[in-house]
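Report on the structure
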Amino acid sequence: MKLLVIGGGGREHAIIKSLKKNPQVETIYALPGNGGIAADAICVSISATDLDGIVNFARENAIDYAVVAPDDPLVLGCVDRLSEIGIPCFGPKANAAIIEGSKAFAKDLMKKYGIPTAAYEIFTDLNKALSYLETAPIPTVIKADGLALGKGVIIAATREEAKEAVTDMMANAKFGKSGSTVVIEEFLTGPEVSVLAFTDGKTVKPMVSSMDHKRAGDNDTGLNTGGMGTIAPNPYYTSQIADICMETIFLPTIAAMNAEGRTFRGCLYFGLMLTPNGPKVIEYNCRFGDPETQVVLPLLESDLLTVMRACTDGTLAETEVTFADKHACCVITASAGYPESYEKGFAITFTPEAQAATFVAGAKLEGDKLVTSGGRVTGTTAIADTLEAAIAESYRLADGVVFQKAYRRSDIGRRALQAGK
Ligand code: AMP
Ligand code: GLY
């Protein structure tokens, strides 16, 4: 089979390495992929948002199955376009990807169908938002409506900060068009859990839970990033909580999307907060999380391609989805300065064992030399019988990924180790 994977980060590298385990897979094209992915797939420099380019490539190369991994092409309708020319795809159509594409849509959906989430108000008028903030409970959370690369969320500790944030989004277009509508919501507390779930629109099969580490610095300090590391499973997510989430969140969300005529097929990502009043949805993503995928897929025992095709064909109920009863830890090695400015173009070297354990995100080939080209450069994952051992081993392996001005958090997994202590 000839497969196409759209995207070019660590998540896509993890997906490609898993897909390759299926002996039926002959060729994987990555659009655009990256310099590290080039070791495992044929990278073609067509951007993930160039839908015309993607469709032409898929038609000309007789692709059998496509996986659309990032949010932008999903929201733009990449799956719709590929389906129109008869190429089966993993991922939601645009009318379902809106669950991530518009936070206002997601919040209204949850309200309408009684799915637990933070209380909220939606504003399209700056003055109304500012006057609401005169009396809103503080701290409060301000979110730009559209896709903003995970950066459109401000936790405001004071009324002034909240007003500044809505003004930046609505009047100064700090997040471009995605901030012309804002959601202002209740500040929740509790441990956060990421649950990625396979769904064919009828059945939902959650993957092993995980914990992201979004802040740039140790002890969750510094700016929000795309994610500096992950562990799985998340120790806060007990089987009792998993049952509650299935009944109150996962199944109701699938049913709600069907009731709206927006059947969701693909990977639905539930960003949850385990509050004193029960699990609540912080956000939905219409795709695999990154770096969550870099710990979740290495634990998947079932064949990824088979599971993905079952999501497309509507046969997920009959398809086995099992995970190893082990622990995984992924440590991101970033360019110092990320998520703000950082230097690029440094040569990357790996020890052989580090290379085998590493997914590449921000790197490109210059000749046959791999050099840094992004903020998050690599993710190195280890699997072990205990979380403690997985953390130690992932750090030991990550030490074998070397480039100038490399930066890692030193405490990935520490909070999880302390859970319940
Ligand atoms: P999001 O991009 O929606 O995942 O938000 C980024 C981060 O902001 C989340 O991972 C949470 O840590 C935090 N966050 C978002 N919404 C809330 C909320 N209502 N209460 C507390 N923290 C929140
Ligand atoms: N790691 C969070 C995300 O993928 O959105």
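A brief look at the structure comes next. (Residues numbered from 1 in each chain as written. Chains lettered and ligands numbered in written order. Predicted model: local features only at pLDDT ≥ 70, side-chain atom pairs only at ≥ 80, totals over all residues. Heavy atoms only, no water.)

1. Quick notes on the site of ligand 2
Taken together, the residues surrounding ligand 2 are Asp212, Gly226, Tyr269, Asn285, Arg287, Gly289, Asp290, Pro291 and Glu292. Gly226 is positioned such that a nitrogen or oxygen atom in its backbone is 3.4 Å from a nitrogen atom of ligand 2. Asp290 has a polar backbone atom sitting 2.9 Å from an oxygen atom of ligand 2. When isolated, ligand 2 has an accessible area of 200 Å², and the protein chains bury 89% of it. Class assignment of the residues belonging to the shell around ligand 2 gives a composition of two nonpolar, three polar and four charged. (Near = heavy atom within 4 Å. Polar contact = N/O pair within 3.5 Å; in protein donor to acceptor, adjacent residues only side chain to side chain. Areas by Shrake-Rupley, 256 points an atom, 1.4 Å probe, with all protein chains shown as cover. Nonpolar A, V, L, I, M, F, W, Y, C, P; charged D, E, K, R; others polar.)

2. Focus: helix α13 (residues 387-398)
Over its 12 residues, α13 runs 16 Å from end to end, which matches the ideal 16 Å to within 8%, given 1.5 Å per residue. Burial in α13 covers these residues: Leu387, Ala390, Ile391, Ser394, Tyr395, Leu397 and Ala398. Seen from one end, α13 has its buried residues packed into an arc of 165°, which puts them on one side. Tucked inside the fold, the buried residues of α13 contact β15 (229-232), β18 (327-335), α12 (352-356), β23 (376-384), β24 (401-402) and α14 (414-418). (Helix = DSSP H or I, 4+ residues; strand = E, 2+ residues; numbered from the N terminus. Expected span 1.5 Å × (residues − 1). Buried < 20%, exposed > 50% of the residue type's maximum accessible area, 1.4 Å probe, protein only. Arc of directions from axis to C-beta. Contact = heavy atoms within 4.5 Å.)

3. Quick notes on the environment of Ala38
Topologically, Ala38 is positioned in the loop between β2 (27-32) and β3 (42-43). Residue Ala38 is classed as partly exposed on the basis of its relative accessible area, which comes to 35%. Placed 236 residues apart in sequence, Ala38 and Leu274 show a C-alpha to C-alpha distance of 39 Å. What Ala38 contacts, discounting residues up to four positions off in sequence, is Cys43 and Leu365.

4. Some remarks on the site of ligand 1
The environment of ligand 1 is formed by 15 residues, the closest being Glu185, Glu186, Leu188, Glu192 and Glu283. One nitrogen or oxygen atom from the side chain of Lys214 is found 3.0 Å from an oxygen atom belonging to ligand 1. For ligand 1, the protein covers 92% of the area, taking 470 Å² as the surface of the free molecule. Those elements that provide at least two residues to the shell around ligand 1 are β7 (140-144), β8 (153-156), β9 (182-186) and β17 (278-285). When grouped by side-chain class, the residues that make up the shell around ligand 1 number eight nonpolar, no polar and seven charged.

5. As for the packing of helix α5 (residues 94-101) against helix α6 (residues 103-113)
Viewed as axis vectors pointing N to C, α5 and α6 meet at an angle of 95°, and their least axial separation amounts to 6 Å. Judged by the inter-axis angle, α5 sits roughly perpendicular to α6. Judged by residue contacts, Ile98, Ile99, Glu100 and Gly101 of α5 engage Lys103, Phe105, Ala106 and Leu109 from α6. (Axes fitted to C-alpha atoms, helices over the stretch in contact; angles between N-to-C directions. Parallel < 35°, antiparallel > 145°, perpendicular 65-115°, else oblique.)

6. Comments concerning the pairing of β17
By the criterion of burial, β17 is predominantly enclosed, with six of the eight residues buried. Here strand β16 (residues 266-275) pairs with β17 via seven bridges, running antiparallel. Each residue of the ladder has a partner; that of Thr275, found in β17, is Gly278. In this structure, the hairpin formed by β16 and β17 is closed by a connection of two residues. (Pairing = 2+ DSSP bridges.)

7. Here we look at the side chain of Thr380
Looking at the element boundaries, Thr380 is found in strand β23. Looking at Thr380, its side chain comes within polar contact range of the side chain of Thr358, at 2.9 Å. Excluding anything up to four places from it in sequence, Thr380 contacts Cys329, Cys330, Val331, Ala357, Thr358, Ser394, Leu397, Ala398 and Val401.

8. Focus on the environment of Thr312
Turning to its location among the elements, Thr312 is positioned in helix α11 (residues 304-313). The spacing of Thr312 and Ala255 is 57 residues in sequence and 17 Å in space, taken between C-alpha atoms. Apart from the residues within four sequence positions on either side, Thr312 is in contact with Tyr65, Pro88, Cys89, Phe90 and Arg265. A distance of 2.6 Å separates polar atoms of two side chains, one belonging to Thr312 and the other to Tyr65.

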